[in-house]
There are 2 protein chains.
Amino acid sequence: METLSTRDRIVAAANRLFYREGIRAVSVDAVAEEAGLTKRSLYYHFRSKDDLIEAYLAYRDQPNLDAYRKWYDDKQGSTAEKIAAIFENLAKMASHSKWKGCGFLRTSAELANLPGHPAILLGAAHKKKIEQWLTDCLEADGVQSPEAIARQIILLLDGSFAVVMLHRDTGYMLSAAQAAHTLVDTAPRTVSA
Amino acid sequence: METLSTRDRIVAAANRLFYREGIRAVSVDAVAEEAGLTKRSLYYHFRSKDDLIEAYLAYRDQPNLDAYRKWYDDKQGSTAEKIAAIFENLAKMASHSKWKGCGFLRTSAELANLPGHPAILLGAAHKKKIEQWLTDCLEADGVQSPEAIARQIILLLDGSFAVVMLHRDTGYMLSAAQAAHTLVDTAPRTVSA
């Protein structure tokens, strides 16, 4: 097993605690302790808690995108079925007791009094990447307004995170899968020449 | 103008501050000051900050339900158009700088480390009331699976709150209106005898 750099160890510790407890409930002291470091060592790598919050979300960006892509690619079937599969896989993930919704959305909710915070911008950029990727998938499938349908899928995706966090009922992700299937399936296609 | 009771004054102050700043960013001291009271007077009416958070959400419950009903009732047209109108009205509300998303969802995100907190249960009950009301509207319109479609609308509704908070782009609520319209419009109806 490769040894993590001190910086990576801090970010992994921040990810565990911030995701589990929330960014306001966790102190920099707690992150340092979780990483097995002094607070002073932590501040050598991160100037502020805000920097640490940003690094926590940056850490979750690519793995999340990769998971969506993998679920989409692994599913055999129509584009509607492949997009529905993303929600079906999320339902499985969300059934674990450690699942606590979307770190990006939860952070934006916790920072509602600080619009423009770097962590909110990072979360917005993350969601835009997913939206762009969905647009590309829908465009390749001949959907006439791929941006419009991609936005509808994003609403269902972020809706799933919010609703399942509240009710702790992963059945809502299967409802979202059905809705996404309907929206992609009924979307007008361009007629190929 | 009617004079508010001390309790009502506290709840109105809590609503202003908690909605604007978030529940963890605001102290009980700050709520007491906003209400023009001592902390001691506040604690005479509310045993704890948790009680105050619960009262804040209870205060928002009925007015929210009434707004959705009014938007639905005021819109002339099909059930699909009436439900889409809810999202169109939300888009107008969300364009105000003071709009900070859904107080219920934001609170559940802030309390992610405290599942079962009374405020989360109150938020869940609030969302279930909207879901039940939508189910009734869809059933009256002859939709075959009104519960399933109502859940899909709820996902779009809560998705709108989350996404618009992140991007500050109310256009997503109009995307949600279109998606809701499609889902209600394409839902199989029972054939009347």
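About the criteria used
- Per chain, the residues get numbers from 1 upward, laid out in the order the sequence is written.
- Both sets of labels track the order of writing: A upward for chains, 1 upward for ligands.
- Whole-chain, interface and lining totals are the exception, using all residues; otherwise, since this is a predicted model, local features are given only for residues with pLDDT of at least 70 and side-chain atom pairs are given and counted only at 80 or more.
- Numbering of helices and strands runs from the N terminus, with a helix taken as a DSSP run of H or I at least four residues long and a strand as a DSSP run of E at least two residues long.
- Residue pairs qualify as contacts under a 7 Å threshold applied to their C-beta atoms, which are placed from the backbone.
- For each domain, the first and last residues come from an automatic or database assignment.
- Nonpolar residues are Ala, Val, Leu, Ile, Met, Phe, Trp, Tyr, Cys and Pro. Charged residues are Asp, Glu, Lys and Arg, and all others, Gly as well, are polar.
- Fitting of the copies onto one another was done by least squares over C-alpha atoms, counting residues only where both copies have pLDDT of at least 70.
- The term nonpolar core refers to a set of buried Ala, Val, Leu, Ile, Met, Phe, Trp, Tyr and Cys residues connected through C-beta atoms within 7 Å.
- Each residue is classed by its C-beta neighbour count within 10 Å, where at least 20 other C-beta atoms makes it buried, 12 or fewer makes it exposed, and intermediate counts make it partly exposed; the C-beta atoms are placed from backbone geometry.
- Here, expected helix span is obtained from the residue count minus one, scaled by 1.5 Å.
- Note on definitions: angles span 0 to 180 degrees between N-to-C directions of axes, and those axes are lines fitted to C-alpha atoms, for helices only across the stretch in contact.
- Any angle from 65 to 115 degrees is called roughly perpendicular, while one under 35 is roughly parallel, one over 145 is roughly antiparallel, and all others are oblique.
- By convention, the crossing between two helices is left-handed when the near helix turns anticlockwise from the far helix through less than a right angle, and right-handed when the turn is clockwise.
- Scored from 0 to 100, pLDDT records how confident the predictor is in each individual residue.

Moving on, we get to the overall build of chain A. Counting its secondary structure elements, chain A contains nine helices and zero strands. Counting from the amino terminus, chain A carries its helices and strands in the arrangement α-α-α-α-α-α-α-α-α. Within chain A, residue pairs in contact and separated by at least 24 positions form 60% of the contacts whose partners lie at least 6 positions apart.

All names here are of chain A. In terms of domain boundaries, chain A breaks down into domain 1 (1–46) and domain 2 (61–186). With five residues of domain 1 at the contact, the number on the domain 2 side is five residues. Across the side of domain 1 that touches domain 2, the residue classes tally to two nonpolar, one polar and two charged.

Once that is clear, we can look at the relation of the copies chain B and chain A. Rotating chain B by 180° and moving it 0.0 Å along the rotation axis overlays it on chain A with an RMSD of 0.0 Å. Expressed as a symmetry operation, the mapping of one chain copy onto the other fits a two-fold axis. Proximity to the rotation axis, assessed at the C-alpha, singles out Gly159(B) in chain B; its C-alpha lies 1.7 Å from the axis. By residue overlap, the copies meet face to face through one surface: 98% of the interface positions of chain B are interface positions in chain A.

Moving on: the nonpolar core. In this structure, Ala14(A), Val31(A), Ala180(A), Ala14(B), Val31(B), Ile153(B) and Ala180(B) are the most contacted members of the largest nonpolar core, which totals 125 residues. Discounting chain neighbours no more than four positions away, the residues touching Ile153(B) are Ile83(B), Leu134(B), Ala180(B) and Leu183(B).

The next point concerns helix 9 (residues 171–186) of chain B. Helix length check: helix 9 of chain B, at 16 residues, gives a terminal C-alpha distance of 23 Å against a target of 22 Å (1.5 Å per residue), a fit within 8%. Among the residues making up helix 9 of chain B, those that are buried are Tyr172(B), Met173(B), Ser175(B), Ala176(B), Ala177(B), Ala179(B), Ala180(B), Leu183(B) and Val184(B). Check the buried side of helix 9 of chain B and you find it contacts helix 8 (146–167) and helix 9 (171–186) of chain A together with helix 5 (79–94), helix 7 (118–140) and helix 8 (146–167) of chain B.

In this section: the environment of Gly116(B). Residues and elements named next belong to chain B. Mapped onto the elements of the fold, Gly 116 is located in the loop between helix 6 (103–110) and helix 7. You can call Gly 116 exposed: it has 8 C-beta atoms within 10 Å. With 39 residues separating them in the primary sequence, Gly 116 and Gly 77 have C-alpha atoms 40 Å apart.

The next subject is the interface of chain B and chain A. Opposite the 41 residues of chain B that make contact, chain A presents 41 residues. Per element, the largest residue contribution to the side of chain B that touches chain A is 14 residues, and it comes from helix 8 of chain B. Each residue belonging to the side of chain B that touches chain A can be placed in one class, and the counts come to 18 nonpolar, 13 polar and 10 charged.

Another point: helix 8 of chain B. In this model, helix 8 of chain B (22 residues) spans 31 Å end to end at C-alpha, consistent with the 32 Å of a helix rising 1.5 Å per residue. When you tally the buried positions in helix 8 of chain B, you get 18 out of 22 residues, the bulk of the element.

Our focus in this paragraph is the packing of helix 4 (residues 49–74) of chain B against helix 5 of chain B. Residues and elements named next belong to chain B. Running from N to C, helix 4 and helix 5 point in directions that differ by 125°, and their axes come no closer than 8 Å. As far as their axial angle goes, helix 5 and helix 4 are oblique. For the element pair helix 4 and helix 5, the recorded crossing hand is right-handed. Residues Tyr 68, Trp 71 and Tyr 72 of helix 4 lie in contact with helix 5, whose contacting residues are Lys 82, Ile 83, Ala 85, Ile 86 and Asn 89. Grouping the constituent residues of the contact of helix 4 with helix 5 by class yields six nonpolar, one polar and one charged.

At their nearest, the axes of helix 9 of chain A and helix 9 of chain B sit 10 Å apart, and the two run at 90° to each other. Here helix 9 of chain A lies roughly perpendicular to helix 9 of chain B, going by the angle between them. For the pair helix 9 of chain A and helix 9 of chain B, contact is made by Ala179(A), Thr182(A), Leu183(A) and Thr186(A) and by Ala179(B), Thr182(B), Leu183(B) and Thr186(B), respectively. A per-class count over the contact of helix 9 of chain A with helix 9 of chain B returns four nonpolar, four polar and no charged.

We now examine the confidence of the model for chain A. In the predicted model, chain A carries a mean pLDDT of 95, and the fraction of residues at 70 or more is 98%. Scored as a complex, the prediction yields pTM 0.96 and ipTM 0.95.

Residue and element names in this part refer to chain B. Mapped onto the elements of the fold, Leu 138 is located in helix 7. Judged by the 24 C-beta atoms lying within 10 Å of it, Leu 138 falls in the buried class. Filtering out sequence-adjacent residues up to four positions away, Leu 138 remains in contact with Thr 79, Val 143, Pro 146, Ile 149, Ala 150 and Val 184.

Residue and element names in this part refer to chain B. Position of Ala 180 among the secondary structure elements: in helix 9. Judged by local crowding, Ala 180 falls into the buried class, with 28 C-beta atoms found within 10 Å. When the C-alpha atoms of Ala 180 and Glu 81 are compared, they prove to be 8.8 Å apart, with 99 residues separating the residues in sequence. For Ala 180, the contacting residues outside a window of four places in its chain are Ile 83, Ala 84, Phe 87, Ile 153 and Leu 156.

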